[in-house]
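# Fold and contact review
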Amino acid sequence: MRAKWVIAAKKADFNRIGERFGIDPVIARIMRNRGMTEADEMEMYLHGTKADLYNPHLLKDVDRAAEIIYGKIREGKRIRIIGDYDIDGIQSTFILLKGLGRLDADVDYVIPDRIQDGYGLNEHLVTRAYEEGIDTILTCDNGISATEQISMAKKLGMTVVVTDHHEVPFEEMESGRRQIRSEADAVVNPKQDDCTYPFKGLCGASVAFKFIQVLYELAGVPVSEADPFIENAGFATVGDVMDLRGENRILVKLGLDMLQHTENIGMRALILQNKLEGKQLKSYHIGFILGPCLNASGRLETARLSLKLLLCQDPVRAAVMAQEIVELNASRKLMTAHAVEQAKALIEKEHYEQDRVLVIFLPDCHESLAGIVAGRIREAYYRPAFVVTRSEEGAKGSGRSIEGYSMYEEMCKCRELFTKFGGHPMAAGFSLEEKNIECLRKQLNENASLTEEELQPRVVIDVPMPVDYLYPELIRQLELLEPFGKGNEKPVFADRNLIIRSLKILGREGRVIRMSLESPGGRTIDAVYFGEADQMKQVIAEKYGKETAEDLMAGRCSRPVSLHFSYYPEIDTYYARPRMQLKITGFC
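Small disclaimer: the values here were computed from a predicted structure and weren't measured.

### Observations concerning the overall build of the protein
Scanning the protein from N- to C-terminus turns up 20 helices and 19 strands. Seen along its three principal axes, the alpha-carbon backbone of the protein occupies a region of about 80 × 55 × 55 Å. The buried share of the protein, taken over its 588 residues, is 55%. The long-range fraction of contacts in the protein, counting pairs at least 24 apart against all pairs at least 6 apart in sequence, stands at 66%. In the structure as shown, the protein presents an accessible area of about 26600 Å², 48% of it carried by carbon and sulfur atoms. In the protein, 76 side chains carry a positive charge and 88 a negative one; their mean positions are 4 Å apart.

### Side note on the nonpolar core
Counting residues in hydrophobic clusters, the biggest one holds 81 residues, and the most contacted among them are Ile69, Leu100, Leu138, Phe211, Ile212, Leu215 and Leu270. What Leu215 contacts, discounting residues up to four positions off in sequence, is Ala66, Ile69, Tyr70, Leu100 and Leu103. Membership of the second largest hydrophobic core comes to 49 residues, among which are Ile525, Met580, Leu582 and Ile584.

### Section: the sheet that holds strand E18 (residues 562-572)
The strand order around the closed barrel formed by five strands is E15-E16-E17-E19-E18, and the pairing between neighbours is mixed. Neighbouring strand axes in the sheet, compared pairwise and without regard to direction, differ in orientation by 50° on average. Judged from the five bridges that link them, strand E15 (residues 493-506) and E18 form a sheet pairing that is antiparallel. Within E18, the residue paired with Leu498 across the bridge is Leu563.

### Here's the deal with the packing of aromatic side chains
Enumeration over the complete set of coordinates arrives at 12 aromatic pairs. With 5.1 Å between their ring centres and 80° between their planes, Tyr529 and Phe587 make a pair best called edge-to-face. Here the residue Tyr529 occupies a position in strand E17 (residues 524-530), and Phe587 occupies one in strand E19 (residues 579-587), the gap between them amounting to 58 residues. Judged by its relative accessible area of 7%, Tyr529 is buried. Among the aromatic side chains, those forming a connected cluster through ring pairs are Phe170, Phe386, Tyr408, Phe418, Phe421 and Phe430. A cation over a ring is seen here: Arg249 above Tyr45, with NZ or CZ 3.7 Å from the ring centre.

### Details of the pairing of strand E13 (residues 427-432)
In regular strands, side chains alternate between the two faces of the sheet. By the criterion of burial, E13 is predominantly enclosed, with five of the six residues buried. Pairing of strand E11 (residues 394-400) with E13 involves six bridges; the strand directions are antiparallel. What sits directly across from Arg400, in E13, is Ala427. Pairing analysis gives five bridges linking strand E12 (residues 418-423) to E13, with the strands arranged antiparallel. The partner of Gly423 across the bridge, within E13, is Ala428. Counted along the chain from E12 to the antiparallel partner E13, the turn is three residues long.

Criteria and cut-off values
- Residues numbered from 1 in each chain as written.
- Predicted model: local features only at pLDDT ≥ 70, side-chain atom pairs only at ≥ 80, totals over all residues.
- Heavy atoms only, no water.
- Helix = DSSP H or I, 4+ residues; strand = E, 2+ residues; numbered from the N terminus.
- Buried < 20%, exposed > 50% of the residue type's maximum accessible area, 1.4 Å probe, protein only.
- Contact = heavy atoms within 4.5 Å.
- Areas by Shrake-Rupley, 256 points an atom, 1.4 Å probe, with all protein chains shown as cover.
- Lys, Arg positive; Asp, Glu negative; His and termini not counted.
- Charge placed at Lys NZ, Arg CZ, Asp CG, Glu CD.
- Core = buried A, V, L, I, M, F, W, Y, C linked by side-chain atoms within 4.5 Å.
- Pairing = 2+ DSSP bridges.
- Axes fitted to C-alpha atoms, helices over the stretch in contact; angles between N-to-C directions.
- Phe/Tyr/Trp six-rings, centres within 6.5 Å; stacked < 30°, edge-to-face > 60°.
- Lys NZ or Arg CZ within 6 Å of the ring centre and 35° of its normal.

In short, the description is geometric, and any link to function would need to be established separately.
So, in structure tokens, the structure goes:
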């Protein structure tokens, strides 16, 4: 689907901002496009440090939670951490396990099996904890929606402390929306209505980190001893696709610096296994290489393998586990590609592309892959996508959304169809009876208010900047904007009528195109595009004819061809003398 190019048009005195912070006005414009208007906000964005992290005591119930857990530790009571099987859940469990272990707690952990247990706290895990003599359940990255399960635990005489970051379940009342609170002894979640914490976008691992800070302070342990957990919180923030704004941005920035020189033996083994040793690690490497590896064990085997890797103290055993996890991720990729093709074939067969919300039933798809497949379908059709699979207990699924469609809120409108559900505006997980799948599809589409404009993908151009303006210092200043990710996307630049002077298709699959481009002002600059050569060929054919397109793609320039390009400038260090080049992101 062709995206509509839109130029960001937020106004400000970019020259004045540039002078104040010693940056190019282009950098000032990008910050304004990211929603920043106040000088202190820009200062924190550019130069935020650990000192700018918010006081953890501002989290509702965090002091009470710490008092409860510290009391249980001193009494020698058995504590069980119940986490989750994704990146955030694994890192959250690691933080709590190591943090409580520092205080000599009698603590163990359970990470639910994705298939046997499903997401979060359930009756089976509560019963098991009770039968095994557990006094206190401490959740991380889950628990906010487990009202019935927590009620069950309380009736059995157990103490329950919840640390979570997911949306708080609610019910609609005549007086307005009311959040539903469980019987937990303490609930630490910044999304609670009466929580005064200034930043609501923390991931589960960051909430766990804040909790450990308060617990250490209460126990008389230097709070600075919790700092190593910033690496885990930053990793999970990227891995759970949280907005890289405000405090999250600082946590990721600090976490990446720590990850670069990690002292975690298991993480070092995973970095080495992925051939990333010695490279400058960025959010991309967490989001698309290291993070998916940790996730893969929870999808195809058990997330306990990933947690054991992080806990491993033996480099030889860590290397073996890291190799196993990388191999699992490779299998996951192949299975995902097959499921995506099945989903596309079903959409075409059933004419689902007419739906505003896609609900796709893939009974034979591994249920752990539903979220990834939903994400790929969302990208291909630019529609909210729910992928449902068959499981032993019925049907399970995951959803991935687009801007303008709050997945969790829309699911709340048809909650009667689900046996269990939860999530965020942009993603959700659920269970339901198989007979309700078609009802879900119809009801979600009947309720959907998405307009045609909202269903057309958009590429927002931060700066329509002629390549003639580029200079090395500007490219270096762009590094101030990192780390990039959701909520702080890599800036997009664009220039018009760049002439393609030469073109070569490289790589075994022909997915790398190297070009030499010339601007209307006469400047020549190298460019590289990673993508389908046929897409570029089609655009050229539409403008200049099929014969010209075929000649150009074969490396012959029979006539001048110019396109409008979106790009990101970078310094290419491949050659002996580094030089500027454009990384092409789009064309028309």
